[in-house]
Amino acid sequence: TIELRPDHNNNHNTTAKSNIAHCIHRPYTDPTPTPTTSPPPPHPTSTQYTMVLYIIGLGLHDEKDVTVRGLELIKSSTKVFLEAYTSVLSIGKDRLESFYGRTDIVIADRDFVECHAEDIYLPAKEGNVAFLIVGDPVCATTHSDIMIRAREEGVTVEVVHNASAMGAVGCCGLQLYNFGQTVSIPYFDENWRPTSFYPKIKYNRLGGMHTLCLLDIKVKEPDFEAMKRGRTVFLPPRFMSVNESSEQLIEAEEVRKGGAYLPDKTLCVGLARLGQPDQCIKAGTLEELKDADFGSPLHCMVICGEVHDMELEALRPYLVENSKFVIDVEGSLFDREES
């Protein structure tokens, strides 16, 4: 799940540093001796001359999802950091270290990434640094912020991409080019029940587009009651389920009353553990999905817009048992109660 963080001012004041022209040498035919010249400057991205902050995607499942290039860079880097709050893998740090042949991976939790990000990118001025991201590095504004700040400090940044939920969601049969804006669904509590995601879902639906909902995770969250008593205690990790998000989306519609979606009529898709062997996909209304069993995290969901025949045909195997929806052999959607 991705927690959006505001970007810092975007000052691209180091672009010129990365635009070093190459010197092209040709045989000199004039018999007159020429003065000795200095060798051409190195290519700005050559690891032989320039230290680099590598931001490397790890994919969605386990240690073997890393790309070959990513693995080579992890093994050769001076320092390795593992970001561990916008998402998590299904395995622990020890498995990663064993696979990478290292014992020095530093966990970068929320406090580390948000308050001490310079400890990640400044060491790249002296040696190659690998910053490991679950999924793909460019799917969270937190990581974009680090890239910007690193480049402002004159650090060369390279991104190694990998699979993420924003692409893997297409496995349910919904076409990626029919998706609109992605939203994050945060946990509600007794004092804070935000519905800022609601207008974006409505905008997408009015345009016939699907909405990918990334669900909240809480890792290493402080216990404020304990802090009041002078103790530093962290709450157990929490990962929002499709069931919880369905209930919150139903509440949001009841509060907003804007008709962005109908809890008992709009087709939605819940997905769990994308990219893993036991991934789970179920389709139905919000009222149906809130009671469906999706198993362990991580979860995400889609609120459908206009669903085309091919998409419906692909979704048919995933309809929850006894769903009010029926998809016929021609890929047409019917409401069981109205047919």
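Just so you know, these numbers come straight off a predicted model, no measurement behind them. For every chain, the first residue of the written sequence is number 1, and numbering continues from 1 onward in sequence order. For this predicted model, a pLDDT threshold of at least 70 governs which residues receive local features, and a threshold of 80 or more governs which side-chain atom pairs are given and counted, while totals over whole chains, interfaces and linings are taken from all residues. The side-chain quantities take in all heavy atoms of the structure and omit both hydrogens and water.

**Brief notes about the overall build of the protein chain**
And step 1. What counts as a helix is a DSSP run of H or I of at least four residues, what counts as a strand is a run of E of at least two, and both are numbered from the N terminus. Per the secondary structure count, the protein chain includes eleven helices and 14 strands.
And step 2. Looking at the protein chain residue by residue over its 339 residues, the buried ones come to 47%.
And step 3. The contact criterion used is simple: two residues touch if any of their non-hydrogen atoms lie within 4.5 Å. For the protein chain, long-range pairs separated by at least 24 residues make up 71% of all intrachain contacts whose partners lie at least 6 apart in sequence.
And step 4. A 1.4 Å probe and the Shrake-Rupley method give the accessible areas. Residues count as covered only by the protein chains that appear here. Only carbon and sulfur atoms are counted for the fraction: they give 52% of the accessible area of the protein chain, which is about 17800 Å². Between buried and exposed lies partly exposed: a residue is buried under 20% and exposed over 50% of the maximum accessible area for its type, with that area taken using a 1.4 Å probe on protein chains only.

**A word on the nonpolar core**
And step 1. Of all hydrophobic cores here, the largest spans 26 residues; its most connected members are Ile185, Phe197, Leu249, Tyr261 and Met301.
And step 2. Mapped onto this core, the elements with two or more residues apiece are strand 6 (183-185), helix 7 (198-206), strand 7 (211-215), helix 9 (242-256), strand 10 (268-272), helix 10 (286-289) and strand 12 (299-303).
And step 3. Sorting elements by how many residues they give to this core places helix 9 first, with four residues.
And step 4. Once residues lying within four places of it in the same chain are set aside, the contact partners of Leu249 are Ile185, Phe197, Ile201, Tyr261, Leu286, Met301 and Ile303.
And step 5. Buried Ala, Val, Leu, Ile, Met, Phe, Trp, Tyr and Cys residues that are joined via side-chain atoms within 4.5 Å together make up what is termed a nonpolar core. Grouped together as the second largest cluster of nonpolar side chains are 21 residues, Leu212, Leu214, Ala283 and Leu312 included.

**Some points on the confidence of the model for the protein chain**
And step 1. On average, residues of the protein chain score 85 in pLDDT, and 83% of them are at 70 or above.
And step 2. pLDDT measures the predictor's confidence residue by residue and takes values from 0 up to 100. Between residues 1-47, whose pLDDT stays under 50, and residues either more than four places distant or in other chains, the model counts 55 contacts.

**Looking at the pattern of salt bridges**
And step 1. For this analysis, a salt bridge means a side-chain nitrogen from Lys or Arg found within 4 Å of a carboxyl oxygen belonging to Asp or Glu. Under the definition given, this model contains 13 salt bridges.
And step 2. Where Glu153 meets Lys125, a salt bridge forms, and the shortest distance between an N and an O atom there is 3.7 Å. Separated by 28 residues along the polypeptide, Glu153 in the loop between helix 5 (141-152) and strand 5 (156-160) and Lys125 in the loop between helix 4 (118-121) and strand 4 (129-133) bring together distant segments of the chain.
And step 3. Residue class for Glu153 comes out partly exposed when judged on its relative accessible area of 38%.
And step 4. By relative accessible area, Lys125 is classed as partly exposed at 46%.
And step 5. With its nearest N and O atoms 2.8 Å apart, the salt bridge here joins Arg193 to Glu251. Residue Arg193 is located in the loop between strand 6 and helix 7, and its partner Glu251 is located in helix 9; the two are separated by 58 residues in the primary sequence.
And step 6. Residues participating in the shared-partner salt-bridge network are Glu118, Asp145 and Arg149.

**Focus: the sheet that holds strand 4**
And step 1. Paired strands, as defined in this entry, are two strands with at least two bridges between them according to DSSP. If you walk across this open sheet you meet the five strands as 3-2-4-1-5, and the pairing is parallel. The sheet is open, and its two borders are formed by strand 3 (106-108) and strand 5, each paired with just one other strand. When strand polarity is set aside, the average angle formed by the axes of neighbouring strands in this sheet is 25°.
And step 2. Across five bridges, strand 1 (residues 52-57) lies against strand 4 in parallel orientation. Working convention: axes come from line fits to C-alpha atoms, limited for helices to the stretch in contact. Angles between N-to-C directions cover 0 to 180 degrees.

**Topic: the side chain of Ser241**
And step 1. Tracing the backbone shows Ser241 in the loop between strand 9 (238-239) and helix 9.
And step 2. Owing to a relative accessible area of 13%, Ser241 belongs among the buried residues under this scheme.
And step 3. Setting aside anything within four residues of it in sequence, one finds Ser241 in contact with Leu215 and His299.

**Side note on helix 9**
And step 1. Take the number of residues in a helix, subtract one, and multiply by 1.5 Å to get its expected span. Compared with the 21 Å implied by 1.5 Å per residue over 15 residues, the 21 Å span of helix 9 between its first and last C-alpha is a close match.
And step 2. Regarding helix 9, the residues found buried are Val242, Asn243, Ser245, Ser246, Gln248, Leu249, Ile250, Ala252 and Glu253.
And step 3. Where the residues of helix 9 are buried, they touch strand 6, helix 7, strand 7, strand 10, helix 10 and strand 12.
And step 4. Looking one or two residues past helix 9, Lys257 carries a phi angle of roughly 55°, positive in sign.

**Topic: the packing of helix 7 against helix 9**
And step 1. Here helix 7 crosses helix 9 at 90°, and the two axes come no closer than 11 Å. Compared by their axis directions, helix 7 and helix 9 come out roughly perpendicular. Counting all contacts with helix 7, which are made through Tyr198, Pro199 and Ile201, the residues of helix 9 involved are Leu249, Ala252, Glu253 and Arg256.
And step 2. The residue classification treats Ala, Val, Leu, Ile, Met, Phe, Trp, Tyr, Cys and Pro as nonpolar and Asp, Glu, Lys and Arg as charged. All others, Gly included, are polar. The residue makeup of the contact of helix 7 with helix 9, split by class, is five nonpolar, no polar and two charged. The cut-offs work like this: below 35 degrees is roughly parallel, past 145 is roughly antiparallel, 65 to 115 is roughly perpendicular, and the gaps in between are oblique.

**Some points on the sheet that holds strand 7**
And step 1. Spatially, five strands are ordered 6-7-12-10-11 in an open sheet, and the strand pairing comes out mixed. Only two strands of the sheet have a single partner each, and these edge strands are strand 6 and strand 11 (280-284). Between one strand axis and the next, the sheet turns through 25° on average, direction left out of account.
And step 2. Relative to strand 12, strand 7 runs antiparallel, the two sharing four bridges. Bridging from a neighbouring strand, Cys213 pairs with Met301 of strand 12.
And step 3. Packed onto the sheet, helix 9 meets strand 6, strand 7, strand 10 and strand 12 and runs at close to 40° relative to strand 12.

**Here we look at the pairing of strand 10**
It is a general feature of regular strands that their side chains alternate between the two faces of the sheet.
And step 1. Of all five residues in strand 10, five are buried, a share of seventy percent or more.
And step 2. Where burial is concerned, the two faces of strand 10 agree: the one with Cys268, Gly270 and Ala272 and the one with Val269 and Leu271 are both buried.
And step 3. Both strand 10 and strand 11 contribute to a ladder of five bridges, which runs antiparallel. Its bridge partner being in strand 11, Gly270 is matched across the sheet by Lys282.
And step 4. In this sheet, strand 12 lies alongside strand 10 in antiparallel orientation, the contact comprising five bridges. The residue bridging Gly270 from the neighbouring strand is Met301, located in strand 12.

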